[in-house]
Amino acid sequence: ALAARAGLPRRSTIAAYQPLARTIKKSDNEAIVVAHNAPVLAGLLRERSGPVVLYAHNDILRTVSRREATHQLDGVAAVVCVSDYLAEQIAARLPAHLAARVRVVENGVDTDQFSPAQASTTSSSRLRVLFLGRTIAEKGPDVLLDAARRLAREDIEYVIVGSYGFDRNAPLSGFERDLRKEAASSGAHVSFEPFVDRFALPTLLRTADIFVAPSRWPEPSGLTIGEAMATGLPVITSRVGGIPQVVGDVGILVAPGDSPALATAIALLADSTSHRTALGEEARKRAVANNWSRSWRQFETVLNDM
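Let me sum up the structure you'll find in this document. What you are looking at is a predicted structure, and each value in this text was computed from that prediction instead of being measured.

### Concerning the pairing of strand S8 (residues 210-213)
Along S8, one buried face is formed by Ile-210 and Val-212 and the opposite face, lined by Phe-211 and Ala-213, is buried too. For strand S5 (residues 127-132) and S8, the ladder comprises two bridges, and the chain directions are parallel. Bridging from a neighbouring strand, Leu-130 pairs with Phe-211 of S8. As paired strands, S8 and strand S9 (residues 235-238) are joined by three bridges and run parallel to one another. Along S9, the bridge assignment pairs Phe-211 with Val-235. Between the parallel elements S8 and S9, the chain passes through helix H10 (residues 223-230) in a crossover that is right-handed.

Listed below in structure tokens is the structure:
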């Protein structure tokens, strides 16, 4: 990144992608190449006759100057982004002729794999509120704990699932240790589970009554939110980044970092079984309408328009 700001090539990044680029060039030269979160690969394949599509799941140009972006992406047929929010961020970092190639293909959800529980899958008598994600400040698990402390209700339990990285056996980070101290002093019923692989997620989600994603940072999309919706869970999440586009009008949105508002939203759902059920049913309907088949149709349109 520092080299790029000085107008120099990112030699280590280029070296990492060169073997892949050479292999692609030796294969079908007319094939469509989709470079996932890899603008440097798009630049390395600039001389191919086949089209290259840059597929962005994150703000991959945040450390890229306009000059570097122009050099790397000048030959791309399209820049695909997973939300309107991300598309705006990416387009703002590009010259006009490249910004015009930005398209949106929303993330979908596997509504067969992620589906509502047919019967209760937990023996707990308490309402279960689930957080699922990396246990870092940007994801806001501490915001949920502060909301739990404010509520101080015996009839609600909180399950925080995740690790600093993607290794359930890794030692706890300082932030994770602080979370456990905060939970112990909160007076709330809180349990922690380290990182869970994707095969276990459908079963895990079915144990919850409410899904909470109190992110502070502007997530481009939020895959786990869509998966919770597909499971038929009412969702409370932050009004930030691309999250509102995922949730639409079938979830409860609060300002990022606003633990009093989060506590109010949790209490609202905890006190009304009918409201929880209705939101969960609407969430499932929206997830079914926004499944991966819809995402493919959007992407197919992009490819056909090249």
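The structure having been displayed, the exposition proceeds.
### Concerning the packing of aromatic side chains
Across all of its chains, the model carries three aromatic pairs by this definition. Aromatic pair Phe-166 and Phe-195: ring centres 5.8 Å apart, planes at 85 degrees, arrangement edge-to-face. Within this pair, whereas Phe-166 is found in the loop between strand S6 (156-161) and helix H8 (174-186), its partner Phe-195 is found in the loop between strand S7 (189-193) and helix H9 (201-205), the two being separated by 29 residues in sequence. Overall, the relative accessible area of 62% leaves Phe-166 in the exposed class. With relative accessibility at 25%, the residue Phe-195 sits in the partly exposed group. Taken together, a centroid distance of 6.0 Å and an interplanar angle of 75 degrees make the contact between Trp-296 and Phe-299 edge-to-face. One end of the pair is Trp-296 and the other is Phe-299, both in helix H14 (residues 292-304) and three residues apart, which spans about a single turn. The exposure class of Trp-296 is partly exposed, given its relative accessible area of 44%. Feature note: the residues Tyr-55, Trp-296 and Phe-299 constitute an aromatic cluster, connected by ring pairs. In this arrangement the basic side chain of Arg-134 is found over the ring face of Tyr-164, its NZ or CZ atom lying 5.5 Å from the centre. Here the guanidinium or amino end of Arg-180 rests over the ring plane of Phe-192, the centre of that ring lying 4.3 Å away.

Rules used throughout
Residues numbered from 1 in each chain as written. Predicted model: local features only at pLDDT ≥ 70, side-chain atom pairs only at ≥ 80, totals over all residues. Heavy atoms only, no water. Buried < 20%, exposed > 50% of the residue type's maximum accessible area, 1.4 Å probe, protein only. Helix = DSSP H or I, 4+ residues; strand = E, 2+ residues; numbered from the N terminus. Pairing = 2+ DSSP bridges. Right-handed = clockwise from strand over helix to strand, strands pointing away. Phe/Tyr/Trp six-rings, centres within 6.5 Å; stacked < 30°, edge-to-face > 60°. Lys NZ or Arg CZ within 6 Å of the ring centre and 35° of its normal.

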